[in-house]
Every structure is written in structure tokens, then in C-alpha cells.
Amino acid sequence: MTTTYSRITGLGFYVPDNVVTNDDLTQYMETSDAWIQERTGIKQRRFFTYGKDTNASMATAAARMALDRAGLEPKAVDLIVYATLSPDYYFPGSAFLMQRELGLEGCAVIDVRQQCSGFVYALSIADQFIKTGMYKTALVIGSEIQSTLMDKTTEGRNVAVIFGDGAGAAVVQATTDPEHRILSTHLHADGRYAEELYLKDPGSSREDHFINAGTADSADSSVVMNGNTVFKHAVVRFMEVINEGLSANGYQASDVDLLVPHQANIRISEYVRQQMGLPEEKVFNNIQYYGNTTAASIPIALTEAYEQGRVKSGDLICLAAFGSGFTWGSALIKW
Ligand code: COA
């Protein structure tokens, strides 16, 4: 009996055209280009334009690019797995809206709320469904509009300088070729740290209707992050989950051709690179240009790496993420 695996056959991304530099942020808050670059590596990010971009419209643009590169019409898709922490509506999820924009009524959609690990979780879900034979072609999405979730004053500056907007997509298809496939995925979470990086409202567990409770003006309606705690856990979990993927497949760090980490912070990526003993060219970073785009960061980075010729047939590619939840995960791919 032949074994069914899954394989990424197309990649795409979309970022809003509104470039916001570190200097631009100084109009709203006390910060500086030097502080932001030194602490995070970020030079600029994109913020969406109201009336032009939505979470789902950005995902649709990324999906169309990925489908085109896979040589597929949208109607080939039988599963959408869509990761975002910033959906267009409280419910239903943005997967439904993108499905509608692509004219894919009837196919299965799954919304994933795994924050910065969202894309790795979504990829894993697609991989499992394809390997069981239930679906043949999945669209895996990471898309975020975070610029409206942040307090862009001095009070919220530790968060507001980090995050950006954008979307990335991967087409994942069934294959019987054992040489070019997703080798394995590894997923973890620890809810004990849920409030270390979170957005409280609109939350349902309150005495009154959340808007009556005056949340619109309260600090609960902006992202809250304990940066130090996030940093300390991230560096440990990144290494653990990368090593888990490597050892599950009999590889060592030196076998990796390209590590595409979630673009959380350049210092986290650099720490992981050094721990793995990898040269700079084997770790892909584009946080300088887009900031941290949460669930979108890995598919945007992977697409750019692919476009730059840094992802080649037969390469061992490692994706790894850590984020709010806490969640963390990795995917090892033989391209
Ligand atoms: N501009 C200027 N100063 C800022 C600032 C900003 N944007 N944000 C915070 N500061 C100030 C603080 O107010 C503080 O001032 P004080 O010493 O007078 O009190 C000082 O800088 C140090 O703050 P601190 O929060 O300790 O800075 P830090 O060195 O920990 O850096 C982060 C903050 C957020 C950059 C850092 O914690 C980090 O990178 N954490 C990981 C975050 C991350 O990766 N999140 C995504 C996970 S998916």
C-alpha cells in the first residue's frame, strides 16, 4: 500500500502598502529608532489601510498567489485552515470570509487561534487531514491586522513597536513522494501563561455585556505583554521544539539548510541560531521590514526565502514558532 504524505506546492504573501517606520511611531509615543532596532531588529512594519484591506482580503490575495504558483484553480481546494488572532468578526472566523471571496462555498474551513504558533498549528492540521486521505488540497493561511489592537501611545509602546499587519499562504497537497514532503510537526502549549501575552476584550466571561462594561476605553482592549517573561520562555521553547523535530527524524542541527523562525524578535532568532551553531545564511529573518506579524510571519518569511532562491528542492527546512498561550511548535520539511 502506498503511503500518503503532504507537501507544500505553492507559497504567497500580501502586505499592506502603508509602510510605518520607527521614526513614524515617534509621532504617537516616546520611543526611538535606535531603541526599537537594538531591542527587536525592526526598522519598519506595515499597517493596513481602513477601507482597502481586511484580514480576509489580505489572506485572499496571499492565497491567490500561492494557488497560482501551485498551478491550481481555487476550486481544487477542499480544506482551508486559517490562523489569526485578529479576525474580522468575533464570529464566524475569517476563514469563512476568505472562502467566500475565493468562491469556495462547500469546502471545509477551520479557524485556528494559536497566535504566533498559528501557522505551524494550521500546517500540522492540514498535514494530518491529508495524510489520513480525508482531503487532498489544503490552503493554509496566517493573516493578521494587529495595528488596531494596540495602544499606540507611550503607555503601550512595548507592544506597539513590535507588531505589524500582513498575510501569508501555503498550498499543501497530497503526495506519495517520500523525498519531498512534510516530515513531521510538533505542537505544544502551556495555558499557565495565558495572561503573559493576551488581549482581554472582547471577552465573554464578565458580569455585563462587554461594551456596557466600558471596555472601549479600558486598557483591557489593547494587547498586554510581559516582554521579559515572553523572551525567557521563547528562547527555551524554540530550542526544545526544534530539537524535538530534528531527533524525531534522525537529523542534527547541522543538517538544516534553512531555519525559518517565527519573526518574534531578532534577538530571539539570533540566540536560537547561535545555540544551533548555524551560520547566518541558514536562518531567515525579515522582521526588519514587517515587524512581528504573528500567524502571518512564517508564511511571509518562507515565501520571501523561496523567492530569493533560499529554499531549493531537497533542502531540509525547519519552521519553528513560539507565542501567546503560551504555544510553540515546529515543522520539518524535506522540500
Ligand atoms: N521605546 C522606548 N523605550 C521603551 C519602549 C519603547 N518602545 N518600550 C519599553 N521601553 C522602556 C521601558 O519603559 C523601560 O524603561 P525604564 O527602564 O525607564 O522603566 C525600558 O525601556 C526597559 O523596558 P523593558 O520592558 O525591561 O525592556 P526590554 O529590554 O525587556 O525590551 C522587549 C522589551 C519587549 C523588546 C523585550 O522584552 C522583548 O523583546 N520581549 C520579547 C517580546 C516578543 O518577542 N514578543 C513576541 C513573542 S511572539
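Residues numbered from 1 in each chain as written. Predicted model: local features only at pLDDT ≥ 70, side-chain atom pairs only at ≥ 80, totals over all residues. Heavy atoms only, no water.

The name an unreviewed UniProt entry gives the chain is Beta-ketoacyl-[acyl-carrier-protein] synthase III, with Spirosoma oryzae as the organism. The annotation that UniProt attaches to the chain under Subunit (unreviewed entry) is "Homodimer." According to the UniProt record, the Pathway (unreviewed entry) comment for the chain is "Lipid metabolism; fatty acid biosynthesis." (UniProt positions renumbered as here; feature names shortened; annotations may be inferred.)

Peer 1: I'd like a description of the side chain of Thr-137, backed by residues and values.
Peer 2: Tracing the backbone through its elements, the reader meets Thr-137 in strand E6 (residues 137-144). By relative accessible area, which is 7% here, Thr-137 ends up buried. In this structure Thr-137 touches Leu-72, Ala-76, Val-77, Asp-78, Leu-79, Val-171, Val-172 and Gln-173, once residues within four positions along its chain are discounted. (Helix = DSSP H or I, 4+ residues; strand = E, 2+ residues; numbered from the N terminus. Buried < 20%, exposed > 50% of the residue type's maximum accessible area, 1.4 Å probe, protein only. Contact = heavy atoms within 4.5 Å.)

Peer 1: Which residues make up the sheet that holds strand E11 (residues 258-261), and what values go with them?
Peer 2: Ordered by their spatial adjacency, four strands build an open sheet running E8-E13-E12-E11, and the pairing between neighbours is mixed. At either margin of the open sheet sits one strand with a lone partner, and together these are strand E8 (181-189) and E11. With strand direction ignored, the average angle separating the axes of adjacent strands in the sheet is 10 degrees. As defined by bridge partners, E11 adjoins strand E12 (residues 316-323) across four bridges and the pair is classed as parallel. Residue pairing across strands places Leu-259 opposite Cys-318, the latter belonging to E12. (Pairing = 2+ DSSP bridges. Axes fitted to C-alpha atoms, helices over the stretch in contact; angles between N-to-C directions.)

Peer 1: An account of the UniProt feature "domain: Beta-ketoacyl-[acyl-carrier-protein] synthase III N-terminal" (unreviewed entry) in the chain is needed here, citing residue identities and associated values.
Peer 2: UniProt's entry tags residues 110-191 with the feature "domain: Beta-ketoacyl-[acyl-carrier-protein] synthase III N-terminal" (unreviewed entry), counted in the numbering of this structure. The span residues 110-191 carries 22% helix and 37% strand; its end-to-end C-alpha distance comes to 21 Å.

Peer 1: Could you give an account of the packing of aromatic side chains, with specific residues and numbers?
Peer 2: Applying the stated criterion to the full structure yields six aromatic pairs. Note on Tyr-193 and Phe-326: the rings are 5.1 Å apart at their centroids and 10 degrees apart in plane angle, and the pair reads as stacked. Residue Tyr-193 is located in the loop between E8 and strand E9 (197-198), and its partner Phe-326 is located in the loop between E12 and strand E13 (327-334); the two are separated by 133 residues in the primary sequence. For Tyr-193, a relative accessible area of 22% corresponds to the partly exposed category. You can call Phe-326 buried: its relative accessible area is 1%. Grouping aromatic residues by their ring pairs yields a cluster made of Tyr-193, Phe-322, Phe-326 and Trp-328. Over the aromatic face of Tyr-5 sits the side chain of Arg-181, whose NZ or CZ is 4.1 Å from the ring centroid. (Phe/Tyr/Trp six-rings, centres within 6.5 Å; stacked < 30°, edge-to-face > 60°. Lys NZ or Arg CZ within 6 Å of the ring centre and 35° of its normal.)

Peer 1: Describe the site of the ligand, listing the residues and the values that go with them.
Peer 2: Around the ligand sit 23 residues, and of these Thr-31, Arg-39, Arg-157, Gly-227 and Asn-265 come closest. In the model, a nitrogen atom of the ligand is placed 3.4 Å from a nitrogen or oxygen of the Trp-35 side chain. Within the side chain of Arg-157, one N or O atom sits 2.9 Å away from an oxygen atom of the ligand. Here the ligand, which alone exposes 950 Å², has 72% of that area covered by the protein. Broken down by secondary-structure element, the contributors of at least two residues to the shell around the ligand are helix H2 (33-40), helix H6 (157-160), helix H7 (227-248), helix H8 (266-276) and E12. No other element matches H7, which puts four residues into the shell around the ligand. Along the lines of polarity and charge, the residues of the shell around the ligand split into 10 nonpolar, nine polar and four charged. Residue assignment places the shell around the ligand across two domains, with domain 1 (5-178) and domain 2 (182-202 + 215-334) each supplying three or more. (Near = heavy atom within 4 Å. Polar contact = N/O pair within 3.5 Å; in protein donor to acceptor, adjacent residues only side chain to side chain. Areas by Shrake-Rupley, 256 points an atom, 1.4 Å probe, with all protein chains shown as cover. Nonpolar A, V, L, I, M, F, W, Y, C, P; charged D, E, K, R; others polar. Domains from an automatic or database assignment.)

Peer 1: Which residues make up the domain arrangement of the chain, and what are the values?
Peer 2: Annotation of the chain at the domain level lists domain 1 (5-178) and domain 2 (182-202 + 215-334). One C-alpha centre belongs to domain 1, the other to domain 2; they are set 15 Å apart. With both sides pooled, the region where domain 1 packs onto domain 2 buries about 3,900 Å², and carbon together with sulfur makes up 65% of that total. Broken down residue by residue, the surface that domain 1 buries against domain 2 is led by Phe-13, Cys-116 and Val-120, which jointly contribute 16%. Between Arg-69 and Glu-307 there is a salt bridge, and its shortest N-O distance comes to 2.8 Å. At the junction of domain 1 with domain 2, the criterion picks out 23 residue pairs in polar contact (both at pLDDT 80 or more). Those elements that provide at least two residues to the side of domain 1 that touches domain 2 are strand E1 (5-14), H2, strand E3 (44-46), helix H3 (55-70), helix H5 (118-131), E6, H6 and strand E7 (166-175). With eight residues, H5 is the single largest residue contributor to the side of domain 1 that touches domain 2. (Buried area = accessible area lost by both parts, 1.4 Å probe. Salt bridge = Lys/Arg side-chain N within 4 Å of Asp/Glu carboxyl O.)

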